[in-house]
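Here's the letter readout for the chains.
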Amino acid sequence: MPRHAEYNRDAVVAAATAVFWARGYSQTSVGDLVSATGLQPGSLYAAFGNKKGLFLEVIDRYNQDFIGRIRRLRLERGAALPKIRELLQQIVEEAARGNADHGCLTVNALLEMSAHDADIADRLQAYNAQLRKAFAWLVRDAQSEGEVVAGQDPNELAAFVINNIWGMRVMCKSRPDRASLEAIVTGVLAALQSSQN
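Parameters and conventions
- Every residue gets a number counted from 1 within its own chain, in the order that chain's sequence is written.
- pLDDT decides what is reported in this predicted model: residues at 70 or higher carry local features, side-chain atom pairs at 80 or more are listed and counted, and totals for whole chains, interfaces and linings draw on all residues regardless.
- Heavy atoms throughout the structure, all of them, feed into the side-chain values; hydrogens and water do not.
- Comment: axis = line fitted to C-alpha atoms, over the contacting stretch for helices; angle = value between 0 and 180 degrees taken between N-to-C directions.
- A run of H or I in DSSP counts as a helix once it spans at least four residues, and a run of E counts as a strand once it spans at least two, with each numbered from the N terminus.
- What sets the label is the angle itself: under 35 degrees gives roughly parallel, over 145 gives roughly antiparallel, 65 to 115 gives roughly perpendicular, and the rest give oblique.
- What makes two residues a contact is simply this: any of their non-hydrogen atoms within 4.5 Å.
- Using protein atoms alone on a 1 Å grid, points that fit a 1.4 Å probe yet trap it form a cavity, whereas open point sets bounded by protein on both sides within 12 Å along at least five of seven lines form a pocket; residues with an atom within 4 Å of a point count as lining.
- Grid points are joined across faces, edges and corners, and a volume is the space filled by probe spheres set on the points.
- Ring geometry is summarised as follows: Phe, Tyr and Trp rings, the Trp one being its six-membered ring, pair when their centres sit within 6.5 Å, and such pairs are stacked at plane angles under 30 degrees, edge-to-face over 60 and tilted between the two.
- Burial classes follow relative accessibility: with a 1.4 Å probe on protein chains only, a residue under 20% of its type's maximum area counts as buried, one over 50% as exposed, and anything between as partly exposed.
- Two thresholds decide whether a charge sits over a ring: the Lys NZ or Arg CZ must be within 6 Å of the ring centre and within 35 degrees of the ring normal.
- Residues enter a nonpolar core if they are buried and are Ala, Val, Leu, Ile, Met, Phe, Trp, Tyr or Cys, with the set joined through side-chain atoms within 4.5 Å.
- How far a helix is expected to stretch is found by multiplying one less than its residue total by 1.5 Å.
- Arc, as used here, means the arc of the directions from the helix axis to the C-beta atoms.
- Here a polar contact is recorded for every N or O atom pair within 3.5 Å, except that within protein the pair must consist of a potential hydrogen donor and a potential acceptor, and residues adjacent in sequence are included only if both atoms are side-chain atoms.

Here's the deal with the packing of helix α4 (residues 51-75) against helix α6 (residues 105-113)
When two helices pack together, their arrangement is given by the angle between their axes and by how far apart the axes lie. Running from amino to carboxyl end, α4 crosses α6 at an angle of 135°, the nearest separation of the two axes being 10 Å. When the axes of α4 and α6 are compared, the pair comes out oblique. Two secondary-structure elements touch here, α4 through Phe55, Val58, Ile59, Tyr62 and Asn63 and α6 through Leu105, Thr106 and Ala109.

Structure representation (structure tokens):
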């Protein structure tokens, strides 16, 4: 029986992520993935089924990493509102360093694929629900601390913040100036803290 070639799955997914993020799903060929990962086509298919199978694992890892980041941030000491500010500010800093030109992999996938592929659309919809839930806990914390307006549904506020994060990610593809992104951060935080009166 032939022995299967050994490979590091995490490294393969990371290499594939870079390709999909730079080129998009449709413009990425199996040849591109073979070149990036070092796996032969047969090994790639054996490990992931097909190009879409690899892409689904890529977006799963990418999305779970971001959700994990929010959950870890919530467990850190300190008030919740500065943690929300930190997440928003990270986008500004990434853009300032020139590391955000490709935008958000999830948003890119939504724009490119969700209308044409039910599997990808379902996966992204499930991720969005998980992300909103994770963010809503941060919002609840900020409400209990008196930093965010109370009495408003934390899930709605979480969706508001997430939509702004995605909007900032899309803006980053056009290399906006720092002041424009900072203005969005200021506006989001002001909206969270605004009075209901």
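A closer look at empty space enclosed by the protein
Taken as a whole and judged by the stated rule, the model has one cavity of 30 Å³ or more. Every residue lining the largest cavity is listed: Phe20, Trp21, Gly24, Tyr25, Phe55, Leu105, Asn108, Ala109 and Glu112. For the lining of the largest cavity, the element with the highest residue contribution is α6, accounting for four residues.

A look at the packing of aromatic side chains
Taken as a whole and assessed by the stated rule, the structure comprises four aromatic pairs. Relative to phenylalanine 55, the ring of phenylalanine 20 lies with its centre 4.9 Å away and its plane at 70°, an arrangement referred to as edge-to-face. Of the two residues, phenylalanine 20 is situated in helix α1 (residues 9-23) and phenylalanine 55 in helix α4; the sequence distance between them amounts to 35 residues. For phenylalanine 20, a relative accessible area of 2% gives the class buried. Three or more aromatic residues link up through ring pairs in this structure, and these residues are Phe20, Tyr25 and Phe55. One Lys or Arg, lysine 51, reaches over the ring of tyrosine 25 and ends 4.2 Å from the middle of that ring.

Some remarks on the nonpolar core
If you look at soluble globular proteins, the nonpolar side chains tend to sit buried side by side. In this structure, Ile84, Leu88, Leu131 and Phe135 are the most contacted members of the largest nonpolar core, which totals 60 residues. With sequence-adjacent residues up to four places away left out, phenylalanine 135 is seen in contact with Ile70, Ile84, Leu87, Ala158, Val161, Ile162 and Ile165.

Points about helix α9 (residues 178-193)
For α9, which comprises 16 residues, the first-to-last C-alpha distance of 23 Å matches the rise-based estimate of 22 Å (1.5 Å per residue) to within 8%. Inspection of α9 places Leu181, Val185, Val188, Leu189 and Leu192 among the buried residues, and these make up the whole buried set. In a view along the axis of α9, the buried residues occupy a sector of 90°, so they form one face of it. Away from the buried face of α9 by more than 90 degrees, exposed residues Ala179 and Thr186 are located. On its buried face, α9 sits against α5 (80-96) and α8 (154-172). For α9, the capping residue at the N-terminal end is aspartate 177, with a side-chain oxygen 3.2 Å from the backbone nitrogen of alanine 179.

Remarks on unusual backbone geometry
The residue arginine 175 is not glycine, and still its phi comes out positive at about 55°. Along the chain, the position of arginine 175 falls in the loop between α8 and α9.

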